[in-house]
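# Fold and contact review
Here are the chains, one letter per residue:
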Amino acid sequence: MNCTEFRSLYNLWLDGRKSTPLLPEAALHAQECSECETYAGAMLEIDEGLQNIPDVPLPEDLLAYSGGSGVRTPARGRDLSFLLRRGAAFALPALASWIITLYLPPGWQFAVQSLLLSGALVLCAATSLRPRFIA
Amino acid sequence: MTPASGNRSDRPLDAEFRSIVRDFAPQLYRHAYRMLGDTEEATEAVQEVLLSVHRSLADFRGDCALATWIYRIALNTFFTHRRRQRNQPLPLIDPEDAQALVDEDGDVEEEYNRKETREQLARCIAKLSPRESAAITLFYMDGFGYKEIASIMGTSLSSVGLLIHRGREHLHILLTGKKERAGK
Ligand SMILES: [Zn+2]
């Protein structure tokens, strides 16, 4: 058995959760080849470390719904309502702006229109947010 | 540890989706966190996975286990996030801190060091290549076998073995900075 064969076999043995004894040929190779012995020790440490990886603390919002109460599903036909909300976010301020500015002196028209346009943009951005499943 | 490999039932889709979220979201988050190494990134990625699952749930025909199908979607999403992260390298692991993994003297601090080192090891998973980190995480953290991983990753059993073996070697190099010990 050469070094490449040993390493391949040793890794497969680790992946089989060491459920069977290592082949005698492989064990003999590790005894005779110090590099492979070191390699085997290092891989065994990594394997054992990976089997005992510390658990990840779940974020609060993930914990909140693990009991089931916080799971929200997006409404059916969400795409249509999304388009309608977006359209409304633009159209309503635009309409209001047009009506109001008709009654304003010319110097005020630009300022008020800018304000209303900013509002429309903020509304548009708010409705563009991706839906979240976790309450 | 192993996620439910639930079969498809006739329950209404929304109810099924809720049960998917309950059964899979924590495990998907753990997987995402280990692959991406960042809480916010992992949370965002899991949200995207759940959104994709919700959109395609009606099309799921049960050709494979539900867990396999969900993890395929998840890996595609996590790979996309990894690509985005490429220009934001994760902090380097100090090899001296990690040396405890190979130096195991009996010591009162051994348990603490061991915990620390395992956390370092876990953080190194996010520094592997995306496919190596996916294979390592699916094998060790999600408890999948070679066959399931091959199905999820769309590759052969031998490739899964290689990814896991190389992943372990690369983790050792990342932790200790000792390339020769991994025999490469
Ligand atoms: Zn050798």
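Residues numbered from 1 in each chain as written. Chains lettered and ligands numbered in written order. Predicted model: local features only at pLDDT ≥ 70, side-chain atom pairs only at ≥ 80, totals over all residues. Heavy atoms only, no water.

## A few points about the overall build of chain B
Tallying secondary structure elements over chain B gives eight helices and zero strands in all. Shown N-terminal to C-terminal, the secondary structure of chain B runs as helices and strands in the order α-α-α-α-α-α-α-α. Per-residue burial over chain B gives 51% buried out of 184 residues. Of the contacts made within chain B by residues no fewer than 6 positions apart, 68% connect residues no fewer than 24 positions apart. Carbon and sulfur atoms form 46% of the exposed surface of chain B, whose accessible area is close to 8800 Å². (Helix = DSSP H or I, 4+ residues; strand = E, 2+ residues; numbered from the N terminus. Buried < 20%, exposed > 50% of the residue type's maximum accessible area, 1.4 Å probe, protein only. Contact = heavy atoms within 4.5 Å. Areas by Shrake-Rupley, 256 points an atom, 1.4 Å probe, with all protein chains shown as cover.)

## Focus on the confidence of the model for chain B
Residue and element names in this part refer to chain B. Averaged over every residue, the pLDDT of chain B is 81; residues scoring 70 or more account for 76%. The low-confidence segment residues 1–10, where pLDDT is below 50, has 22 contacts with residues more than four positions distant or belonging to other chains. Within the model, pLDDT remains below 50 along residues 179–184, and this stretch shows 14 contacts once partners closer than five positions in the same chain are excluded. Prediction confidence for the complex, expressed as pTM and ipTM, is 0.69 and 0.77 respectively. (pLDDT = per-residue confidence, 0-100.)

## Here we look at helix α1 (residues 13–36) of chain B
Residue and element names in this part refer to chain B. When the terminal C-alpha atoms of α1 are compared, their 30 Å separation across 24 residues is substantially less than the 34 Å that a helix rising 1.5 Å per residue should span. The largest bend in α1 comes to about 45°, at F24, with the proline P26 one to four residues further on. Buried residues dominate α1, accounting for 18 of its 24 residues. (Expected span 1.5 Å × (residues − 1). Bend = angle between axes of the 7 residues up to and from the residue.)

## What to know about the coordination of the zinc ion
Residues and elements named next belong to chain A. Of the protein atoms, only C3 (SG), H29 (NE2), C33 (SG) and C36 (SG) coordinate the zinc ion, at distances of 2.1 to 2.4 Å. For the zinc ion, the four donor atoms in the first shell make angles of 99 to 115° at the metal, a pattern classed as tetrahedral. Counting residues between consecutive donors of the zinc ion along the chain gives the motif C-x25-H-x3-C-x2-C. Within this pair, whereas C3 is found in helix α1 (residues 3–15), its partner C33 is found in the loop between α2 (24–32) and α3 (34–51), the two being separated by 30 residues in sequence. Take C3: its relative accessible area is 32%, and that puts it in the partly exposed class. (Donors = N, O, S within 2.8 Å, 3.2 Å for Na, K, Ca; no water. Tetrahedral: all angles 85-135°; square planar, octahedral: opposite > 155°, others 65-115°.)

## Considering the pattern of salt bridges
If you walk through the whole model with that rule in mind, you get six salt bridges over all chains. Across the pair B:E119 and B:R123 runs a salt bridge whose closest N-O atoms are separated by 3.8 Å. Here B:E119 and its partner B:R123 are both found in helix α5 (residues 110–125), four residues apart, which amounts to about one turn of the helix. Sharing partners across several salt bridges, the network here consists of A:D15, A:D47 and B:R168. (Salt bridge = Lys/Arg side-chain N within 4 Å of Asp/Glu carboxyl O.)

## With respect to the packing of aromatic side chains
By the definition in use, this model includes seven aromatic pairs over all chains. Ring centres 5.0 Å apart and planes at 80° place the aromatic pair B:Y71 and B:F144 in the edge-to-face group. On the criterion of sequence distance, the pair formed by B:Y71 in helix α3 (residues 66–85) and B:F144 in the loop between α6 (130–141) and α7 (146–153) is long-range, its members being 73 residues apart. B:Y71 gets classed as buried once you look at its relative accessible area, which sits at 0%. Overall, the relative accessible area of 3% leaves B:F144 in the buried class. With a centroid separation of 5.0 Å and an interplanar angle of 90°, the aromatic rings of B:F139 and B:Y140 are classed as edge-to-face. For the pair formed by B:F139 and B:Y140, the shared burial category is buried. Through successive ring pairs, a cluster of aromatic residues spans A:F6, A:Y10 and A:W13. Positioned over the ring face of B:F139 is A:R17, at 4.3 Å from the centre of the ring. (Phe/Tyr/Trp six-rings, centres within 6.5 Å; stacked < 30°, edge-to-face > 60°. Lys NZ or Arg CZ within 6 Å of the ring centre and 35° of its normal.)

## A few points about the packing of helix α2 (residues 39–56) of chain B against α3(B)
Residues and elements named next belong to chain B. As a packed pair, α2 and α3 sit with axes 9 Å apart at the nearest point and diverge in direction by 140°. The angle between α2 and α3 places the two elements in the oblique class. In the packing of α2 onto α3, the handedness of the crossing is right-handed. Where α2 approaches α3, its residues E41, E44, A45, E48, V49, S52, V53 and S56 are matched on the opposing element by W69, I70, I73, A74, T77, F78, H81, R84 and Q85. (Axes fitted to C-alpha atoms, helices over the stretch in contact; angles between N-to-C directions. Parallel < 35°, antiparallel > 145°, perpendicular 65-115°, else oblique. Left-handed = near helix turned anticlockwise from the far one by under 90°.)

## So, α6(B)
With twelve residues, α6(B) extends 15 Å from end C-alpha to end C-alpha; this agrees with the ideal 16 Å at 1.5 Å per step. Once α6(B) finishes, B:G143 follows within two positions and takes phi at roughly 75°, a positive value.

## Observations concerning a nonpolar patch on the surface
All names here are of chain A. A surface patch of nonpolar side chains, about 620 Å² in accessible area, is lined by L95, W98, I99, L102 and Y103. Secondary-structure assignment places I99 in helix α5 (residues 78–102). What makes I99 partly exposed here is its relative accessible area of 39%. (Patch = residues over 30% accessible without salt bridge, like charges linked within 9 Å, V, L, I, M, F, W, Y side chains within 5 Å.)

## Focus: the side chain of B:H31
With respect to the helices and strands, the residue B:H31 is situated in helix α1. What B:H31 contacts, discounting residues up to four positions off in sequence, is B:Y71, B:L75, B:F78, B:A134, B:T137, B:L138 and B:D142.

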